[in-house]
Amino acid sequence: MDQKKLLQLARKHGTPLVVVDHKVLRHNYEQFKKYLPRVQVYYAVKANSDPAIVQTFYDAGGSFDVASVAEFLNVHEKIEHLPAKERQDFIWDRIIYANPIKAIETLQGLDPYKPLVTYDNHEEVIKIARYAPHAGLVLRLQVPNTGSIVELSSKFGAQPGEAVDLITFAHNNNLVVEGLSFHVGSQCTNPQNYSQALSLAAGVFSEAKARGFELKLLDIGGGFPAHYDDTVPSFRRLAKMIRAELDRLFPPPMEILAEPGRFLVASAATAIARIIGKAVRGGKLCYYLDDGVYHTYSGVIFDHTQYHLKSFGKGPTQICSVFGPTCDALDTISLAEQLPDLEMGELLYSENIGAYSAASSTSFNGFPPAKVVHVNQ
Ligand SMILES: Cc1ncc(COP(=O)(O)O)c(C=O)c1O
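Throughout this document, residue positions are counted from 1 along each chain, in the order its sequence is written. Reporting of local features is limited, given that this is a predicted model, to residues whose pLDDT is at least 70; pairs of side-chain atoms are given and counted only at 80 or more, and all residues count toward the totals for whole chains, interfaces and linings. The side-chain values count all of the structure's non-hydrogen atoms but skip hydrogen atoms and water molecules.

J.: Residue-level account of the overall build of the protein, with values.
T.: The secondary structure content of the protein amounts to twelve helices and 16 strands. In this scheme, a residue with accessible area under 20% of its type's maximum is buried, one over 50% is exposed, and one in between is partly exposed, where area comes from a 1.4 Å probe on protein chains only. In the protein, which comprises 377 residues, the proportion classed as buried is 53%. Considering only residue pairs separated by 6 or more positions, the protein has 72% of its internal contacts joining residues 24 or more positions apart. Surface summary for the protein: the accessible area is close to 16,300 Å², and the carbon and sulfur share equals 53%. The positive charge centre, built from 36 side chains, and the negative charge centre, built from 40, are 5 Å apart in the protein. Strands are runs of DSSP state E lasting at least 2 residues, helices are runs of H or I lasting at least 4, and numbering of each runs from the N terminus. Here, residues are in contact when the closest pair of their heavy atoms is within 4.5 Å. Each accessible area is a Shrake-Rupley result for a 1.4 Å probe, and residues are judged covered by the shown protein chains and nothing else. Positive residues here are Lys and Arg, negative ones are Asp and Glu, while His and the chain termini are left out of the count. By convention, charge coordinates are those of NZ in Lys, CZ in Arg, CG in Asp, or CD in Glu.

Right under this line is the structure:
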């Protein structure tokens, strides 16, 4: 988004401000469909659960990965108006509850909707059989997450070697396993994670078949990297490799799903913050902003992502520290940003801040989350 427009919006709405551009959301969705045409796109709502964003992906024909009852209801709101049969078909065909661990109350709440849910262990099968017997199952595999910025394989996923036993166990508990899923870790810039995961999954599919289980779907998860900078490999190239491997190992009529979060929303949002304080400490210029890591910049902590700050004004730059507004020293956005000498009240902005940012913003220290405005809806 151009600087003039950002300045206009900041003047109109004040700061801290997050601007979500729905044209970019639609573009990212279309890019995903263009380069992976066989793949049904389940937007991972956790990346940014703003209902307006969910609405845009719904209007674009998207499907949804939800991982809590609240996220499920966020999507369900969009289909409440549909006749019962269509609504049920939507839930079955276009929503996956992709959290392998579910509380009993969650399962009880989900069961009437007969959803597709993921699992990765025996205890979960026992719970699902008892509290959500109408659910369909997808077994999540543990796959390499090497080099991905957010590693998930230490927390979730069955070992490929135990997979068919877990499918058999579900079957013996009167549950049907529809397919397999995996997640290569978030912001995965290592294409080998995908190729290894696909070949591990192919091995499980053929062992399952040999033991009498015909799996129908493969869910290749999230992890598709956002283009934070030019070191990130191109999506087009990654998709080309995935497409070829899918056609080789999982030809049609195998249904292929993916759960991209970051790839769809990261580049659609820009944060604008105001300089509320300025000091020189140890010879270094320090800026204090009205937004920080307890707020829109929460991804610095939770998502291991560094957002760069840009100024609207020009001038010679120097290495600066940039802090958030709270009293905690952890509230440090960056200790090394190249910025000019700016006046109190001037604005800074960060692009590519749509994923895992506002989603984990808090009201810590009495500072509320930034206002969100939507453009090009
Ligand atoms: C099960 C599952 N699916 C999808 C995602 C979205 O991943 P990403 O934002 O890397 O695409 C996550 C992220 O944690 C996840 O846990």
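J.: Residues and numbers for the site of the ligand, please.
T.: Taken together, the neighbourhood of the ligand is formed by 15 residues, with Ser186, Glu259, Gly261, Arg262 and Tyr356 sitting nearest. Between the ligand and aspartate 65 there is a distance of 3.0 Å, counted from a nitrogen atom to a side-chain nitrogen or oxygen. A distance of 2.9 Å separates an oxygen atom of the ligand from a polar atom in the backbone of glycine 223. Look at the ligand: alone it shows 400 Å² of surface, and the protein chains cover 92% of it. Because more than half of its atoms lie within 2 Å of the grid, the ligand is assigned to the largest pocket. Gly is placed with the polar residues, together with every amino acid not listed as nonpolar (Ala, Val, Leu, Ile, Met, Phe, Trp, Tyr, Cys and Pro) or charged (Asp, Glu, Lys and Arg). For the shell around the ligand, the class distribution of residues is five nonpolar, five polar and five charged. Here, proximity means that at least one heavy atom of the residue falls within 4 Å of the molecule or strand. Side-chain atoms alone can form a polar contact between residues adjacent in sequence; in general such a contact is a pair of N or O atoms within 3.5 Å, and within protein one must be able to donate a hydrogen while the other accepts it. Buried and open spaces are told apart on a 1 Å grid over the protein atoms alone, a cavity being a set of points where a 1.4 Å probe fits but cannot get out and a pocket being an open set with protein on both sides within 12 Å along at least five of seven lines. Residues with an atom within 4 Å of a point are the lining residues. Think of it this way: a molecule belongs to a cavity or pocket when more than half its atoms come within 2 Å of the grid points there.

J.: How would you explain the pattern of salt bridges if you had to name every residue and give the values?
T.: Side chains bearing opposite charge may pair, as long as their charged atoms lie close to each other. We define a salt bridge as a side-chain nitrogen of Lys or Arg found within 4 Å of a carboxyl oxygen belonging to Asp or Glu. Scanning the model with the defined rule gives 13 salt bridges in all. The salt bridge involving glutamate 124 is made with lysine 102; its shortest N-O contact spans 3.2 Å. Linking glutamate 124 in helix H7 (residues 122-131) with lysine 102 in the loop between strand S4 (95-97) and helix H6 (104-110), this pair joins segments that are 22 residues apart in sequence. Residue lysine 102 is classed as buried on the basis of its relative accessible area, which comes to 1%.

J.: Just give me the short version of the packing of helix H2 (residues 22-35) against helix H10 (residues 235-249), but keep the residues and values in it.
T.: Angles shown run from 0 to 180 degrees and are taken between the N-to-C directions of axes, each axis being a line fitted to C-alpha atoms and, for helices, limited to the stretch in contact. Between H2 and H10, the shortest axis-to-axis distance is 9 Å and the interhelical angle comes to 35°. Regarding H2 and H10, the two cross each other, and that crossing is right-handed. On the side of H2, the interface is formed by Gln31, Phe32 and Tyr35, while H10 contributes Phe235, Arg236, Ala239 and Arg243. When the residues that make up the contact of H2 with H10 are grouped by side-chain class, the tally is four nonpolar, one polar and two charged. Crossings are sorted by hand: turned counterclockwise from the far helix by less than a right angle, the near helix makes the crossing left-handed, and turned clockwise it makes it right-handed.

J.: Residue-level account of H2, with values.
T.: Working rule for helices: expected span equals 1.5 Å times residues minus one. Over its 14 residues, H2 extends 20 Å from the first C-alpha to the last, a length consistent with the 20 Å expected when each residue adds 1.5 Å. All buried positions along H2 are accounted for by His22, Leu25, Asn28, Tyr29, Phe32 and Tyr35.

J.: How would you summarise the pairing of strand S15 (residues 347-350) if you had to cite specific residues and measurements?
T.: Along S15, one buried face is formed by Leu347 and Tyr349 and the opposite face, lined by Leu348 and Ser350, is buried too. Strand pairing is assigned whenever DSSP detects at least two bridges linking the two strands. Here four bridges tie strand S10 (residues 269-281) to S15, and the two strands are oriented antiparallel to one another. Opposite isoleucine 272, over in S15, you have tyrosine 349 as the bridge partner. Of the pairings in the sheet, the one linking strand S12 (residues 310-311) to S15 comprises two bridges and is antiparallel in character. Across the sheet, residue lysine 310 finds its bridge partner in S15, namely tyrosine 349.

J.: Describe empty space enclosed by the protein, listing the residues and the values that go with them.
T.: Grid points are joined across faces, edges and corners, and a volume is the space filled by probe spheres set on the points. As enumerated under the stated definition, the model contains one cavity of 30 Å³ or more in all. Estimates place the volume of the largest cavity at around 40 Å³. Lining the largest cavity are Ala98, Thr118, Arg140, Ser181, Phe182, His183 and Glu259.

J.: Can you explain the pairing of strand S7 (residues 177-181)? Please cite residues and give values.
T.: For S7, the buried fraction is high: five of the five residues fall into the buried class. Taken together, the four bridges between strand S6 (residues 136-140) and S7 define a ladder with parallel strand orientation. Across the sheet, residue valine 138 finds its bridge partner in S7, namely glycine 179. Throughout, right-handed denotes a crossover for which the path from the first strand over the helix to the second runs clockwise when the strands point away from the viewer. Regarding the hand of the β-α-β motif, the stretch spanning S6, helix H8 (residues 160-172) and S7 is right-handed. Note: S7 against strand S8 (residues 217-219), three bridges, orientation parallel. Bridging from a neighbouring strand, glycine 179 pairs with leucine 217 of S8. What joins S7 to S8 is helix H9 (residues 191-210), and the crossover it makes is right-handed.

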